[in-house]
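This is what each chain is made of:
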Amino acid sequence: MSDYDKDTRGGGGGRGAAKGKDDKDKAGRRGGFFRRRRVCKFCVEKIDYVSYKDVKVLTPFIPERGKIQPRRISGTCAKHQRALQTAIKRARTLALIPYVTD
Amino acid sequence: MSIHRQYELVYIAMPDSTEEQLAELHQQVATVVDRFGGTIERTEPWGRRRLAYEIGRQREGVYVLEILNGPGAMTTELDRRLRVLDIVMRHLVIRVDEVLAKESRSQTRRKSATVARRLRRGLPAEPTEQELSRRKQENDDADGPDGFGEGDR
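What comes next is a walk through the structure. (Residues numbered from 1 in each chain as written. Chains lettered and ligands numbered in written order. Predicted model: local features only at pLDDT ≥ 70, side-chain atom pairs only at ≥ 80, totals over all residues. Heavy atoms only, no water.)

A word on the overall build of chain A. Check the secondary structure of chain A and you find 6 helices and 0 strands. When its helices and strands are written in sequence order, chain A yields α-α-α-α-α-α. Within chain A, the proportion of its 102 residues that are buried is 28%. Restricting the contact set of chain A to residue pairs at least 6 apart, pairs at least 24 apart contribute 54%. Here chain A displays about 6900 Å² of accessible surface, and carbon together with sulfur accounts for 53% of that area. (Helix = DSSP H or I, 4+ residues; strand = E, 2+ residues; numbered from the N terminus. Buried < 20%, exposed > 50% of the residue type's maximum accessible area, 1.4 Å probe, protein only. Contact = heavy atoms within 4.5 Å. Areas by Shrake-Rupley, 256 points an atom, 1.4 Å probe, with all protein chains shown as cover.)

With 28 residues, the main nonpolar core has A:Tyr52, A:Leu58, A:Leu84, A:Leu94, B:Leu51 and B:Tyr63 as its most contacted residues. At the level of secondary structure, the elements contributing two or more residues to this core comprise α4 (55-58) and α6 (78-93) of chain A together with β1 (5-13), β2 (39-55), β3 (58-70) and β4 (88-95) of chain B. Among the elements that take part in this core, α6(A) stands out by supplying 4 residues, more than any other. With residues near it in sequence (within four places) discarded, A:Leu84 still touches A:Phe42, A:Val50, A:Leu58 and A:Phe61. Listed in part, the 17 residues of the second largest apolar core include B:Tyr7, B:Tyr11, B:Val29 and B:Val32. (Core = buried A, V, L, I, M, F, W, Y, C linked by side-chain atoms within 4.5 Å.)

Another aspect to go through is a positive patch on the surface. Side chains of A:Arg38, A:Arg71, A:Lys79, A:Arg82, B:Lys102, B:Arg105 and B:Arg109 sit close together on the surface and give a patch of like positive charge. Sorting the residues of the positive patch by element identifies α6 of chain A together with α3 (97-120) of chain B as the ones contributing at least two each. Ranked by the residues each element gives to the positive patch, the list is headed by α3(B), at 3 residues. Topologically, A:Arg38 is positioned in the loop between α2 (19-32) and α3 (41-44). We classify A:Arg38 as partly exposed; its relative accessible area is 46%. (Patch = residues over 30% accessible without salt bridge, like charges linked within 9 Å, V, L, I, M, F, W, Y side chains within 5 Å. Salt bridge = Lys/Arg side-chain N within 4 Å of Asp/Glu carboxyl O. Lys, Arg positive; Asp, Glu negative; His and termini not counted. Charge placed at Lys NZ, Arg CZ, Asp CG, Glu CD.)

By way of backbone hydrogen bonds, the strands of a sheet pair with one another, either parallel or antiparallel. All names here are of chain B. Read across the open sheet, the 4 strands follow the order β2-β3-β1-β4; overall the sheet is antiparallel. If you trace the sheet from one side to the other, it starts and ends with β2 and β4, each paired once. Strand after strand, the sheet turns through a mean of 20 degrees between neighbouring axes, direction not considered. Two elements, β1 and β3, share 9 bridges in a ladder whose sense is antiparallel. (Pairing = 2+ DSSP bridges. Axes fitted to C-alpha atoms, helices over the stretch in contact; angles between N-to-C directions.)

Shown next as structure tokens:
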């Protein structure tokens with residue numbers, strides 16, 4: 001079981017043969033893999049339905065101006081951005097979230 | 001016989017409305033739902049909340065959420081009624097059955113996929129206590145300042 005764990009950390013399966021090689025492999029990944037890569041928050045947390053009622057979930061996606069944060073900044077995937085968009089718009093009609101703030 | 005679907009109705013009543021007025025409003029909604037052969041599944045009063053922006057000089061509102069089952073014609077009627085009432089500042093009716101079904105479907109699919117994967121790896125179907133505690137620890141570590149300078153993950 002512990003062998004198995006090591007394998008997943010090393011990256012690809014079946015590569016963790018020699019120990020030295022394993023370490024090198026790790027380092028290589030570090031170089032190619034940008035630390036700040038954006039990932040869709042909803043995919044990570046496995047949220048399938050974005051509800052307009054959860055203001056706590058929505059607020060991180062509305063910066064101080066009150067606009068919906070674009071995908072290129074938040075890193076949300078297309079599917080969840082669409083869901084997020086409708087949720088935010090619904091929440092706006094119910095005055096849970098502002099349209100504009102200045 | 002019309003098809004019944006699930007809807008969510010949220011309305012915001014005036015902040016100065018009394019308990020009786022709110023009860024009456026609920027009653028009115030109930031009568032409309034009843035007339036169309038629908039049912040009220042649940043009523044969730046969220047209570048008085050601050051509005052994100054002013055609606056007709058008001059800064060607060062009394063929110064009520066009702067989960068309804070009924071035909072589509074019911075929603076049009078509810079919409080019409082609620083628009084006329086002065087005590088209701090804002091309302092929203094949305095259909096939820098489809099998205100909720102979709103959500104539960106993808107969640108069960110995900111769960112069964114996890115179980116299948118675990119079995120293929122020769123692990124028990126459910127995560128063991130040990131794994132859970134380790135995972136929790138890893139999550140706690142990941143919650144650091146900005147995720148820099150930690151191990152190989």
